[in-house]
Amino acid sequence: MTAVDGAVARAEPADSGWRWLSPRSLVVRPVTDLIRLVPVLAGVLFFGSSHGFGGYWTVVFAGLAILTSIVRWCTTRYRITAERIYLRHGLFSTKVLSVPRDRVRSVDLTAHLVYRLLGLRRVSVGTGRSDRRGGGSLHLDALLLADAEGLRGLLLADVSPVAGALAAAAENGEAGQAGAAAPAAGIELARLRPGWIRFAPFTMTGLVIAGVVLGSTAQIVNDLRVDPANIAPVYHLVVRFDALSAGGRALSGAASVLVLLVLLSVAGYIALFWGFRLVRLGDALRVSRGLLTTRTTTIDIRRLRGAEFSEPLLLRLVGGARCLAITTGLRVGEGAEHGGSLLLPAAPRPVARQVTAAVLATTGRAGGAARQLVTGDLVRHGPAARRRRYVRALAGALVLIAGGGLAWWARVVPAWAFAVMLVLLPLAAALAADRYRSLGHLLSDGWLITRTGSLVRRRCVLSTDGIIGWRIHQSWFQRRQGLVSLAATTAAGHQHYVAHDIPAADAIALASAATTPLMTPFLTSAPATP
Amino acid sequence: MSQAVTPMLPGLRDPANRVSRRAVRYWTARAAVGGLVLAGAEIGLAVGVGFGGWQAVALPVTLLLAIGYTVIMPRWRYRVHRWEVTDEAVYTRAGWISVHWRIAPINRIQTIDSHRSLGERLFGLANVTATTASAEGHVHIHGLDRVTADRLLDELTIATGHTPGDAT
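Residues numbered from 1 in each chain as written. Chains lettered and ligands numbered in written order. Predicted model: local features only at pLDDT ≥ 70, side-chain atom pairs only at ≥ 80, totals over all residues.

### Points about the overall build of chain B
Basically, it comes down to this: To qualify as a helix, a DSSP run of H or I must reach at least 4 residues; to qualify as a strand, a run of E must reach at least 2; elements of each kind are numbered from the N terminus. To sort residues by burial, count the other C-beta atoms lying within 10 Å of each one's C-beta; a count of 20 or more means buried, 12 or fewer means exposed, and anything in between means partly exposed. C-beta atoms are built from the backbone. This entry defines residue contacts through backbone-placed C-beta atoms, with two residues in contact when those atoms are within 7 Å.
The number of helices and strands found in chain B is four helices and seven strands. In chain B, the succession of α and β elements from N to C terminus is β-α-α-β-β-β-β-α-β-β-α. Along the longest, intermediate and shortest principal axes, the C-alpha atoms of chain B span 65 × 35 × 30 Å. Taken over 168 residues, chain B has a buried fraction of 30%. Residue pairs in contact within chain B that sit at least 24 positions apart in sequence constitute 55% of those at least 6 positions apart.

In structure tokens, the structure reads:
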């Protein structure tokens, strides 16, 4: 509790209290750069530096970066008053960012390895507006662990007194080790089991990491000015690869890429999600995770508008799923794994269902039916919607095949390549069938459920309280079949949740049942005026 | 009048007001300018490269499509575009081949703004945009005459001023 008391005591003299970031954060940049420079320095030492100036430039830029970070530290202050949080920075033109404390929706603490070695945490204060403009959140980079936790306790006490107190207690017990076996305050909803790592190869994490690794390897090789072919093991590999037949090359190439991707995605899963825990602390959900870089996200339950049960195709094939929060102030979508809205990484489907239901139950609006919201049957969209799935998928495939045929005719590609393209037809049919199987919606007791997608199937459960408008879209083809796509707009998550291709009458009925006062005046069958 | 005809979507009545008649002229002018620019580019290309076989086909086709678009789109669009503002909600219909309906409650509207492009100003038109806390929840009303737009802007600004909270 000392951390919280300390923070409160320092926050109390409200008008004078401009504070500095931790002086230790001055060390972060040089240390990080030094680590990054190791290959270059090694290159300079072992290979000599007569090859060019690349190494020197790297050193110069690192020096500049360090200088900038010192200037930044010297010119940055923050202050917490009873109403607002202020952050002031800038050397020549001082800029003051401020956030009203009652707008604080989430407080994240992140720390990569260097931060952790130095006992520092980066604090991100998220507000409800951060989902639209990057400027909505405020970063303190970085504070001492105790100060950071104290600050979080203080800010979350605004959000929820219980959560604040529990958070502080939990943190003191855990001493900042996310996922350590220390006794947890609050209710644990999920915890990573090592067995879940088997799902890692079926996520896209490997591809992302492969890109990063390739990029940085290329840079290091470039900095070192070594021809990779001159390194003995690489040279032998290349020679052996050259000796293979074309088929052998393709096979061994594909196999090694596959093995590499699997290894990378497993490593990535462990790095991102090691020690993953989802805990309910009073009125807040707390997600903590990470092996090297630790990250703790706190979500105010009153800002939670629902949850998304998400099954990317590969993961679905092996019985896995993920769970994301639909909440105002946190972004969903690309990079959600790295963002704050993730509630459960790739895990067995039953666990994901259970966690999604448990999260929905925390809102207190789901009654006893939370489980039903996640697993219950949905209203299917009917034969016209099914036909549209097939027409669209097959039309897409036919366009590609026609292009292939044209290329064959123009002798750009051989005949067998065109023949291979015909495989697209059954693939498209399978995709259409699966896309139709995914389609569904339901309005159940104040919750709007939509399910859609094949490559990523998402079942989104949105509280009707969170619906702040409707969009109905009808294309020419939809009009001929009496279908519309109905989107509920919301300030949370993806910002809109769509029921694709439902009969027009159903759409109107659904919208007016979900938000009766809003829709009634616009219905034809409405009574004159209530 | 809107009640007399059957609405485009069964069960959902059409918004009460049409947009300004001048909008047809504005859309026509815009489409014509677009078509001319495209045709001009093709002629320029033909002059530069020389008339081949396909340019002789492409130019008439472009002209035909552009003329068709310029004649049909504005009139069709005028029949689709409608709007209505009640005490509780903003309700619009827009589009032509594809049609969008949008409904946003007044108490969830965060900002109201009006933007006039050069073209709209030449035709004495304005549009009004209401944004909500949802990035996907904007409601645009295009092709209003200036007086209506100003009145609407004032009404909505006053109406949204009454709402407490951050409208999420």
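The discussion continues.
### Brief notes about unusual backbone geometry
Residues and elements named next belong to chain A. Asp141 connects to Ala142 through a cis peptide bond whose omega is 10°. Checked against the element boundaries, Ala142 lands in strand β7 (residues 138–144). Unusually for a residue other than glycine, Arg411 sits at a positive phi of about 60°. Inspection of the secondary structure puts Arg411 in the loop between α13 (383–409) and α14 (415–421). We note that Gln495 has phi near 75°; this positive angle belongs to a residue other than glycine. Examined against the element boundaries, Gln495 turns out to sit in the loop between β19 (483–490) and β20 (496–503).

### Re the domain arrangement of chain B
Residue and element names in this part refer to chain B. Selection criterion: An automatic or database domain assignment supplies the start and end points of every domain.
Taken domain by domain, chain B consists of domain 1 (18–77) and domain 2 (82–161). Taking only C-alpha atoms, the centre of domain 1 and the centre of domain 2 are 29 Å apart. Tallying the contact residues gives 12 residues for domain 1 and 12 residues for domain 2. At the level of elements, α1 (22–49) and α2 (53–80) are the ones that each hand at least two residues to the side of domain 1 that touches domain 2.

### Focus: the sheet that holds strand β16 (residues 447–452) of chain A
Residues and elements named next belong to chain A. Short version of the rule: Pairing between two strands is assigned when DSSP locates at least 2 bridges connecting them. Each axis is a line fitted through C-alpha atoms, and for a helix only the stretch in contact is used; angles between axes span 0 to 180 degrees, taken between their N-to-C directions.
An order of β14-β13-β12-β17-β16-β15 is seen for the six strands of this open sheet, with the pairing classed as antiparallel. A single partner strand is all that each edge strand has here, and the edge strands are β14 (342–348) and β15 (440–444). This sheet shows a mean twist of 15° between the axes of neighbouring strands, independent of strand direction. With seven bridges connecting them, strand β12 (residues 304–312) and strand β17 (residues 456–463) associate as antiparallel partners. Residue pairing for β17: Phe309 is matched across the bridge by Arg459.

### A word on the pairing of strand β9 (residues 277–281) of chain A
Residue and element names in this part refer to chain A. Along β9, four of the five residues are buried, which leaves the element largely enclosed by surrounding structure. The pairing of β9 with strand β10 (residues 284–289) spans five bridges and is antiparallel. Across the sheet, residue Leu278 finds its bridge partner in β10, namely Val287. Connecting the antiparallel pair β9 and β10 is a turn made up of two residues, with Gly282 showing a positive phi of about 60°.

### Some words on the sheet that holds strand β3 (residues 89–95) of chain B
Ordered in space as β20(A)-β19(A)-β18(A)-β4(B)-β3(B)-β2(B)-β1(B), the seven strands form an open sheet in which the pairing is antiparallel. Two strands bound the open sheet, and with one partner strand each, they are β20 of chain A together with β1 (17–18) of chain B. Taken together, the seven bridges between β3 of chain B and strand β4 (residues 99–105) of chain B define a ladder with antiparallel strand orientation. Its bridge partner lying in β4 of chain B, Val90 of chain B is registered against Ala104 of chain B.

### Quick notes on the interface of chain B and chain A
Accessible area lost on assembly of the parts is the figure often given for the size of an interface. Inclusion rule: Each residue is assigned to one of three groups, with Ala, Val, Leu, Ile, Met, Phe, Trp, Tyr, Cys and Pro labelled nonpolar, Asp, Glu, Lys and Arg labelled charged, and all others, Gly among them, labelled polar.
Taken together, the 28 residues of chain B in the interface contact 28 residues of chain A. Contributions of two or more residues to the side of chain B that touches chain A are made by β3 and β4 of chain B. Its residues placed into classes, the side of chain B that touches chain A shows 14 nonpolar, eight polar and six charged. Where strand β18 (residues 467–474) of chain A lies against β4 of chain B, five bridges are found, and the strand directions are antiparallel. Paired with Gln474 of chain A across the strands is Val99 of chain B, a residue of β4 of chain B.

### Quick notes on the domain arrangement of chain A
Partitioning chain A into domains gives domain 1 (197–272) and domain 2 (383–435). Each of domain 1 of chain A and domain 2 of chain A was reduced to a C-alpha centroid, and the two centroids are 32 Å apart.

### Some remarks on the environment of Val262 of chain A
Secondary-structure assignment places Val262 of chain A in helix α9 (residues 246–273). Here Val262 of chain A is in contact with Pro201 and Gly206 of chain A, once residues within four sequence places are set aside.

### What about the packing of α13 of chain A against helix α15 (residues 424–438) of chain A?
Residue and element names in this part refer to chain A. The condition that has to hold: Angles below 35 degrees are treated as roughly parallel, those above 145 as roughly antiparallel, those between 65 and 115 as roughly perpendicular, and all remaining angles as oblique. Crossings are assigned a handedness: left-handed for a near helix turned anticlockwise from the far helix by less than a right angle, right-handed for a clockwise turn.
As a packed pair, α13 and α15 sit with axes 8 Å apart at the nearest point and diverge in direction by 155°. One element, α13, and the other, α15, form an angle in the roughly antiparallel class. The way α13 lies across α15 gives a crossing that is right-handed. Taking contact as the criterion, the partners of Ala385, Arg386, Arg389, Tyr390, Ala393, Leu394, Gly396, Ala397, Leu400 and Ile401 in α13 are, on α15, Leu424, Leu425, Ala428, Ala429, Leu431, Ala432, Arg435 and Tyr436. Its residues placed into classes, the contact of α13 with α15 shows 14 nonpolar, one polar and three charged.

### Digging into the confidence of the model for chain A
Basically, it comes down to this: How sure the predictor is of each residue is captured by pLDDT, a score from 0 to 100.
Of the residues in chain A, 82% have a pLDDT of 70 or more, and the chain-wide mean is 80. Per-residue pLDDT stays below 50 along residues 526–530 of chain A; that stretch engages in two contacts with residues further than four places along the chain or on separate chains.

### Some points on the packing of α1 of chain B against α2 of chain B
Relative to each other, α1 of chain B and α2 of chain B sit at 170°, their axes nearing to 8 Å. Between α1 of chain B and α2 of chain B, the crossing angle belongs to the class labelled roughly antiparallel.

### A few points about the nonpolar core
This is how the line gets drawn: Under the definition applied here, buried Ala, Val, Leu, Ile, Met, Phe, Trp, Tyr and Cys residues are grouped into a nonpolar core through C-beta atoms within 7 Å.
Core analysis: the largest hydrophobic core is formed by 131 residues, its most contacted members being Ala307, Leu343, Val355, Val359 and Leu486 of chain A. Setting aside anything within four residues of it in sequence, one finds Val355 of chain A in contact with Leu189, Ala190, Leu278, Cys323, Leu343 and Leu344 of chain A.

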